[in-house]
There are 2 protein chains.
Amino acid sequence: MNTSSEPLFLRALKREPVERTPVWLMRQAGRYLPEYMEVRKQAGSFMALASNPELACKVTLQPIERFGLDAAILFSDILTIPDAMGLGLYFAEGEGPRFTKPVRTEADIESLHEPEAGKDLGYVMEAIRLIRSKLDSDTPLIGFCGSPWTVATYMVEGGSSRNFENIKSMLYRQPQLMHRLLIKVANASCDYLQAQIEAGAQAVMIFDTWGGSLSTASYKEFSLAYMRHIVAHIKAHHNTRDTPVILFTKGGASWLEMIADTGCDAVGVDWTCDLAHARKRVGDRVALQGNLDPGVLYGNSTVVERECRRVLDSFGPGSGHVFNLGHGIHPGVDPQRVADLVAAVRQHSPALHR
Amino acid sequence: MNTSSEPLFLRALKREPVERTPVWLMRQAGRYLPEYMEVRKQAGSFMALASNPELACKVTLQPIERFGLDAAILFSDILTIPDAMGLGLYFAEGEGPRFTKPVRTEADIESLHEPEAGKDLGYVMEAIRLIRSKLDSDTPLIGFCGSPWTVATYMVEGGSSRNFENIKSMLYRQPQLMHRLLIKVANASCDYLQAQIEAGAQAVMIFDTWGGSLSTASYKEFSLAYMRHIVAHIKAHHNTRDTPVILFTKGGASWLEMIADTGCDAVGVDWTCDLAHARKRVGDRVALQGNLDPGVLYGNSTVVERECRRVLDSFGPGSGHVFNLGHGIHPGVDPQRVADLVAAVRQHSPALHR
């Protein structure tokens, strides 16, 4: 295979030579974009948008068309799996995701529907095929799911949570029950990501938004182990493309070495961790993705340029860096700042790859 | 001085020999205690309680009386300083702290009242003298303040915040203005902690709840630098007791070495970081305080005992560990679990100090 014909993003994930650092942004298709808000309004609700392949395709492509980012990410939600398991996902206005039927007991866990991704989540695969057919070949499409731990927090709490009272209670009092729930979500996630890859996703990312709520011992046992399970499944069942897998634990700066040891291709890093230090710690095992403070986009053009440069220089010369924020883009951001960010990465990164 | 006559907690902070590991809990005087709820109701509002020396004294002593903890901590709030600066602190029911006059412009910063701790915050000193007069000599009293960065987040946002839009905008667009605000808060904090020490506080702690929202570079410049300033002030102006200073940045696991280098005596560690690893990183420069996951208290007695033991063993043999949670105790916790925690530390820690 002639690697130079592969898109920039995929080469960077494999730490193969690149001409410049590729860039995409978590939640790049989102509320900060007026064209997104228009489609969102038209759809009526978040789930109506996410479950409509034409509309999901439309919003996925919006930031690519506007900014020329180096990867597209499927517009969807990490809670499609529990929704397909029968929990009744809905979004309360201004309050985030909710489930009509939270999972608290052994009976709740036993009665969970085991979704078939191709059927129960067919709308996602349809969106992927549609997006893939409209994206040019230089722009890979990223599929994703939530980490089993993160998804389980919403399932057990019934929505967003501050202190994780119910799931921590389950984790500490009934660890075996906790594991039964997690393996169900993990198996569904394996099937789901596999189906996304078959439908056309060229890389997949696992979002572990709430892994950072765990102690080190609990993180290993209840979050990392299940991400490792999914990585192993994808690596064992990959198609001929050897689809790269990116793991991202928000607040996981203490655990970068362990995450890198799962067999994943890249580790997402939040902005509390310096990339130079992160790179030293993970060595050449994995690529790194991140890690601009999303708050930088509240600054002006000069600030955005300076801070992007700081992140690029912190990673330093050579391949293996995918530029991104350290977390999702905030809704109040001016889209012009994203244009500034992309311009800064395109301008300053070639010098790091000569 | 005969160190064996000093209280356990102070000896552990100085890494002097102890018979067992001392224990206290962040937010030990709080909503999980029915006797606290009674006084809180009687006072009418949080600030009415915090600003009444008799009532503040009463709730400070409640957890000491109930559990026999090894240190008391002044019942107060990290926002007393901006309140004394004229911002009008109040607590909206269920929404946390708010200021009637947030600080956004140069004029806002220039017009801030520079409080005299002894006068404008006299109610705090009065509470300290009262508590000290009622506590036995084995139970030291901890004074505290918020880190200038953390306090400034509330001042600029006007209350709690999710994305820190206003303060990040100030930090990135007008760093000099940001520094002017921070130095004002830092100077007021020096004076405030000094007055607390003179009134009878035997150790002081700086709570940097939101330092973890910053990138490494910003953390050094906008949070750590001002905590170092306060530590230096206290160390230069200490009375004959050489009052120990504890720094705690929530989400600061990446920065333990830097925090230990400020000249503080102890570093608070949240539960995402293993104490064994933390101890290796900071060496014998400082004591460590922490770091049980507050969610463990949602478990049963067996769980609490097992997890306390895990934290004790993780620090390992020798002095320099103050047992605590990795963050404040959650309101929904059964007080019996705190009794279990204290019992576990008393039972298992002596073996680590033989």
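It should be emphasised that the depicted structure is a prediction, and the values quoted were computed from it without experimental measurement. (Residues numbered from 1 in each chain as written. Chains lettered and ligands numbered in written order. Predicted model: local features only at pLDDT ≥ 70, side-chain atom pairs only at ≥ 80, totals over all residues.)

A.B. asks: Mind showing me how you'd approach the domain arrangement of chain A here?
C.D. replies: Think of interface size as the accessible area that goes away when the parts come together; that is how it is often given. Residue and element names in this part refer to chain A. Assigned domains of chain A: these are domain 1 (1–20 + 272–354) and domain 2 (29–68 + 71–268). Each of domain 1 and domain 2 has a C-alpha centre, and these two points are 23 Å apart. Listed as interface residues are 26 residues of domain 1 and, on the opposing side, 24 residues of domain 2. Among the secondary structure elements, those contributing two or more residues to the side of domain 1 that touches domain 2 are α1 (8–13), α14 (275–282), β8 (287–292) and α16 (335–348). Tallied by class, the residues present in the side of domain 1 that touches domain 2 amount to 18 nonpolar, 5 polar and 3 charged. (Domains from an automatic or database assignment. Contact = placed C-beta atoms within 7 Å. Helix = DSSP H or I, 4+ residues; strand = E, 2+ residues; numbered from the N terminus. Nonpolar A, V, L, I, M, F, W, Y, C, P; charged D, E, K, R; others polar.)

A.B. asks: Is there a simple way to explain the packing of helix α8 (residues 122–134) of chain A against helix α11 (residues 175–199) of chain A in this structure?
C.D. replies: Helix-helix packing: each pair is described by the crossing angle between the helix axes and the interaxial distance. All names here are of chain A. Here α8 crosses α11 at 30 degrees, and the two axes come no closer than 8 Å. Taken together, α8 and α11 sit at an angle that is classed as roughly parallel. Crossing handedness for the pair α8 and α11: right-handed. Residues Val124, Met125, Ile128 and Arg129 of α8 lie in contact with α11, whose contacting residues are Ala195, Gln196 and Ala199. Partitioned by chemical class, the residues of the contact of α8 with α11 number 5 nonpolar, 1 polar and 1 charged. (Axes fitted to C-alpha atoms, helices over the stretch in contact; angles between N-to-C directions. Parallel < 35°, antiparallel > 145°, perpendicular 65-115°, else oblique. Left-handed = near helix turned anticlockwise from the far one by under 90°.)

A.B. asks: How should I be thinking about the interface of chain A and chain B in this particular structure?
C.D. replies: Of the residues lining the interface, 28 residues belong to chain A; the matching set on chain B comes to 28 residues. Ranked by residues supplied to the side of chain A that touches chain B, first place goes to helix α10 (residues 165–173) of chain A with 5 residues. Taken together, the residues of the side of chain A that touches chain B sort by class into 9 nonpolar, 13 polar and 6 charged.

A.B. asks: Please explain the nonpolar core as it appears in this structure.
C.D. replies: In summary, soluble globular proteins display a tendency toward joint burial of nonpolar side chains. Residues Val267 of chain A together with Val267 of chain B are the most contacted members of the largest nonpolar core, which totals 246 residues. Excluding anything up to four places from it in sequence, Val267 of chain B contacts Leu247, Leu256, Ile259, Ala260, Val282, Val286 and Leu288 of chain B. (Core = buried A, V, L, I, M, F, W, Y, C linked by C-beta atoms within 7 Å. Buried ≥ 20, exposed ≤ 12 C-beta atoms within 10 Å, placed from the backbone.)

A.B. asks: Mind showing me how you'd approach the pairing of strand β9 (residues 321–325) of chain A here?
C.D. replies: In the case of a regular strand, side chains alternate between the two sheet surfaces. All names here are of chain A. Extensive coverage of β9 is indicated by the burial of 5 of its 5 residues. With burial as the criterion, each face of β9 is covered, one bearing His321, Phe323 and Leu325 and the other bearing Val322 and Asn324. Summarising the sheet, β8 and β9 pair through 5 bridges and their orientation is parallel. Bridge pairing in β9 links Leu288 to His321. (Pairing = 2+ DSSP bridges.)

A.B. asks: Help me understand the relation of the copies chain A and chain B, please; the structure alone is not making it clear to me.
C.D. replies: Two copies of the chain are present, and they differ by a rotation about an axis and a shift along that axis. Of the transformation placing chain A onto chain B, the axial shift is 0.0 Å and the rotation is 180 degrees, giving an RMSD of 0.0 Å. The operation mapping one copy onto its partner corresponds to a two-fold rotation axis. Most of the interface of chain A is mirrored in chain B, where 100% of its interface residues are also at the interface. (Least-squares fit on C-alpha atoms with pLDDT ≥ 70 in both.)

A.B. asks: How should the sheet that holds strand β9 (residues 321–325) of chain B be read in this particular structure?
C.D. replies: Note on sheets: strands pair through backbone hydrogen bonds, and any given pair is parallel or antiparallel. With parallel pairing, 7 strands are arranged side by side in an open sheet as β1-β4-β5-β6-β7-β8-β9 (chain B). The outermost strands of the open sheet, each flanked by one partner alone, are β1 (72–73) and β9 of chain B.

A.B. asks: Would you take a moment to explain the confidence of the model for chain A for this structure?
C.D. replies: Predicted coordinates in regions of low pLDDT should not be interpreted in detail. Per-residue pLDDT for chain A averages 95, and the proportion of residues at 70 or more is 98%. As scored by the predictor, the complex reaches a pTM of 0.95 and an ipTM of 0.93. (pLDDT = per-residue confidence, 0-100.)

A.B. asks: What exactly am I supposed to notice about the environment of Gly96 of chain B here?
C.D. replies: All names here are of chain B. Along the polypeptide, Gly96 turns up in strand β3 (residues 96–99). By the C-beta count within 10 Å, which is 12 here, Gly96 ends up exposed. Filtering out sequence-adjacent residues up to four positions away, Gly96 remains in contact with Phe91, Gly159 and Ser160.

A.B. asks: Is there a simple way to think about the environment of Ser161 of chain A in this case?
C.D. replies: Inspection of the secondary structure assignment puts Ser161 of chain A in the loop between α9 (148–157) and α10. Sequence separation of Ser161 of chain A and Trp210 of chain A is 49 residues, and the distance between their C-alpha atoms is 10.0 Å.

A.B. asks: Even after reading the chapter, I still don't get the sheet that holds strand β5 (residues 203–208) of chain A, so can you show me in this structure?
C.D. replies: All names here are of chain A. Taken in spatial order, the 7 strands of this open sheet run β1-β4-β5-β6-β7-β8-β9, and their pairing is parallel. Both outer strands of the open sheet, β1 (72–73) and β9, are each paired with one neighbouring strand and no more. Each of β4 (141–146) and β5 touches α11; the most contacted strand, β4, lies at about 170 degrees to it. Across the sheet, helix α12 (residues 216–237) touches β5 and β6 (245–249), and the angle it forms with β5 is around 170 degrees.

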